[in-house]
Amino acid sequence: MTIKRLHFDNVENSERVFTDEFNEFLIALHDKLGARVLTLRENRDSCLKQALAGKQPTHLPPSVATTENWTIDPIPDELRTPGIEISGPSSIRPMLINALNPAKDGDRAEGDLDDDEDSGGHRLIDTVNSAINRLEATLGTLEHYDSNRDKRYQLQPGKLPFFMHRERGLHLDEPDVTIDGKPISASILGTALTIFHAGREQIKKDQTIYFYVPKLESALEARWYRDLFDAATEHLDIPKSSIKAIALVESLPLVYQMEEVLYELGPYAAGLNAARWDLKASIFEFIMADPDSVWPDRFGVAVPTTKFLANIFRRLVAICLKHNAVAIGGMATPLPSRDPEVNESASKSIRGDKEWEAKQGFLRAWVAHIFHMQVAAEPFKKWHSGWQPTEDMKNPDNYPVSIEVPEGPVTIEGTRRNVRMVIEYLEGWLNGRGAKGIDSLEGQSGIHPALMEDLATGRMSVAQIAQRIIHAVKGSDTGEIHNYDTVKKIVKDQLDDILRIREESGVLDSGMKQRYEDAFKITLKWIKNYTEYNFRSLGTYTHEDLKEIAIAPSAF
């Protein structure tokens, strides 16, 4: 459909959100901020190229942001509530309803991370559905009927968790929405939809519009978001205080600019989030060319026990404490199982991880499923009841940034688990899902719950495989050298094993089989791209692009 300069594909329900008034708003934001997106992307590319050539990111020169005594503007009390935020794709109605409803014990999450980013499907229909679902959730009318299961989903009475909206990042365009014939920035589109539709209804209910700002790589990008929020509030004549943002620290360059990011967000600044998965993936990309920086199996690299990673997040907390902002921790990913032993093991792991985060000063963290919400929330509620940070904890200088190589083995088994995760994730992606429960140890003995995996872990897995190929790393468990032949055999073996298990369980239909077979080819292409230092996001590929990869000869 075309409205003057704006064209958008007529996906289901698009007419509900692309109203004339909204289209005018969207064009105004694009005209004011669209060109800068391209410049910011060029800056990212330059920074990465320098790193691959041996010049890694570092701190910016001292500035007002790092040398003067300042605090963020006041934020609502609810943002300082200890506990947990439930996370999931905002485009899938039953998942959003379940996240907003109480668990079996009757308690709700403090907040809901309604996500159109790493767990979203990265299609226009997903973004449209997200906008509608967020609006209906705000109005209290969100419901869904699953005819296949004859099951009705609806919001239960009571106060809902506060919404934490997460849109797609600055690296992505939306190819199905164009202005003057060129794709619009996905960040502009998603932010505009949320503020215009759900956001204005939130204001009517005296709620604040909260955003998680993803994939930032510089303080200049934080300034761009400040200008985006300025433009939106001015155009819609809503108070600046109605929007608050928490920046996700999930790129290596941003580790060195956390304080500047808070400062540049200005009146919208609320805090920082320790985004573990994407940060590890970003580190992989920046050190990819260095043969002395090969990481061990990523499954054994835990933040609490890896000193330099722990220090990065302690520094994040110190910066938040210094400027009166909130620090939000990482994701608890285990999914519930029919096996009580698996659930108990998962609960023990989650409890230990969240106790560590709470003791560092994080106020909340994320959980992937409501089943584990209580065990994840308890450490924060208990620890922050009367807790006061020490003066040392408030000083970022006590936690210098140092990027090191973690200790641990490099194994073929670790590569195999990465491969299985990628194949499984891509099958879900081809089925329109940006998040999927995956057990990378499926079929093996022992206790290992399925984990809710999203684009960040897919990116991290591919990066680790590629790093091992580039440097021909020997697996300590089998003595095999990582090269294209070795990895291709692993990918084929994992595909065959997955198909065998799905067939034996009676769930393998022709559509699923085709998706897994397509995932085989896409996995090889994704890995090959990374070995060539092409770190293009999976979210930049249309489903037509992926179909072409699936029918083309194997990348290696």
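Residues numbered from 1 in each chain as written. Predicted model: local features only at pLDDT ≥ 70, side-chain atom pairs only at ≥ 80, totals over all residues. Heavy atoms only, no water.

## What about the side chain of Glu167?
Turning to step 1, where the next piece is worked out: Here Glu167 lies in the loop between strand 7 (162–166) and strand 8 (173–179).
Turning to step 2, where the next piece is worked out: A polar atom in the side chain of Glu167 sits 3.0 Å from the side chain of Arg134.
Turning to step 3, where the next piece is worked out: Each residue touching Glu167, except ones within four places of it in the same chain, is listed here: Asp116, Glu117, Arg134, Gly190, Thr191, Thr194, Phe211, Tyr212 and Pro214. (Helix = DSSP H or I, 4+ residues; strand = E, 2+ residues; numbered from the N terminus. Polar contact = N/O pair within 3.5 Å; in protein donor to acceptor, adjacent residues only side chain to side chain. Contact = heavy atoms within 4.5 Å.)

## Description of the sheet that holds strand 11 (residues 243–249)
Turning to step 1, where the next piece is worked out: Reading around the barrel, the eight strands line up as 3-4-7-10-11-12-13-14 and close back on themselves, with parallel pairing between neighbours. Across the sheet, the axes of successive neighbouring strands diverge by a mean angle of 30°, strand direction being ignored.
Turning to step 2, where the next piece is worked out: Of the pairings in the sheet, the one linking strand 3 (residues 83–89) to strand 14 (residues 364–367) comprises four bridges and is parallel in character. Bridge pairing in strand 14 places Ile84 opposite Ala365.
Turning to step 3, where the next piece is worked out: Sheet strands in contact with helix 5 (residues 124–139) are strand 4 (111–115) and strand 7, and its direction is about 170° off that of strand 7. (Pairing = 2+ DSSP bridges. Axes fitted to C-alpha atoms, helices over the stretch in contact; angles between N-to-C directions.)

## Regarding helix 16 (residues 484–504)
Turning to step 1, where the next piece is worked out: Over its 21 residues, helix 16 runs 30 Å from end to end, which matches the ideal 30 Å to within 8%, given 1.5 Å per residue.
Turning to step 2, where the next piece is worked out: Among the residues of helix 16, Thr486, Val487, Ile490, Val491, Gln494, Leu495, Ile498, Leu499, Ile501 and Arg502 are the ones counted as buried.
Turning to step 3, where the next piece is worked out: Those residues of helix 16 that are buried lie in contact with helix 14 (412–430), helix 15 (455–470) and helix 17 (510–531).
Turning to step 4, where the next piece is worked out: The N-cap residue of helix 16 is Asn483: its side-chain oxygen and the backbone nitrogen of Asp485 are 3.1 Å apart.
Turning to step 5, where the next piece is worked out: Gly506 occupies a position one or two residues after helix 16 and carries a positive phi of about 80°. (Expected span 1.5 Å × (residues − 1). Buried < 20%, exposed > 50% of the residue type's maximum accessible area, 1.4 Å probe, protein only.)

## Some words on the nonpolar core
Turning to step 1, where the next piece is worked out: The biggest cluster of nonpolar side chains holds 160 residues, and the ones touching the most others in it are Phe18, Leu26, Leu272 and Leu316.
Turning to step 2, where the next piece is worked out: Of all the elements, helix 2 (residues 20–52) adds the most residues to this core, at ten residues.
Turning to step 3, where the next piece is worked out: With near-sequence residues (within four places) excluded, Leu272 lies in contact with Ile246, Ala247, Val249, Met258, Val261, Leu262, Leu316, Ile319, Cys320, Val326, Ala327 and Ile328.
Turning to step 4, where the next piece is worked out: Ranked by size, the runner-up nonpolar core spans eight residues in total, among them Leu96, Leu100, Ala137 and Tyr153. (Core = buried A, V, L, I, M, F, W, Y, C linked by side-chain atoms within 4.5 Å.)

## Points about the pattern of salt bridges
A side chain of one charge can pair with a side chain of the opposite charge if their charged atoms are brought near each other.
Turning to step 1, where the next piece is worked out: Taken as a whole and judged by the stated rule, the model has 50 salt bridges.
Turning to step 2, where the next piece is worked out: Its salt-bridge partner being Arg16, residue Glu136 comes within 3.0 Å of it at the nearest N-O pair. With Glu136 in helix 5 and Arg16 in helix 1 (residues 14–17), the pair connects residues that are 120 residues apart, well separated along the chain.
Turning to step 3, where the next piece is worked out: The class of Glu136 is buried, set by a relative accessible area of 11%.
Turning to step 4, where the next piece is worked out: Between Lys215 and Asp278 there is a salt bridge whose closest N-O contact spans 2.9 Å. Separated by 63 residues along the polypeptide, Lys215 in the loop between strand 10 (209–213) and helix 7 (219–236) and Asp278 in helix 10 (residues 276–287) bring together distant segments of the chain.
Turning to step 5, where the next piece is worked out: Taken together, the shared-partner salt bridges in this structure form one network comprising Arg420, Glu424, Glu427, Lys436, Glu442, Asp497, Arg500, Arg502, Glu504 and Arg515. (Salt bridge = Lys/Arg side-chain N within 4 Å of Asp/Glu carboxyl O.)

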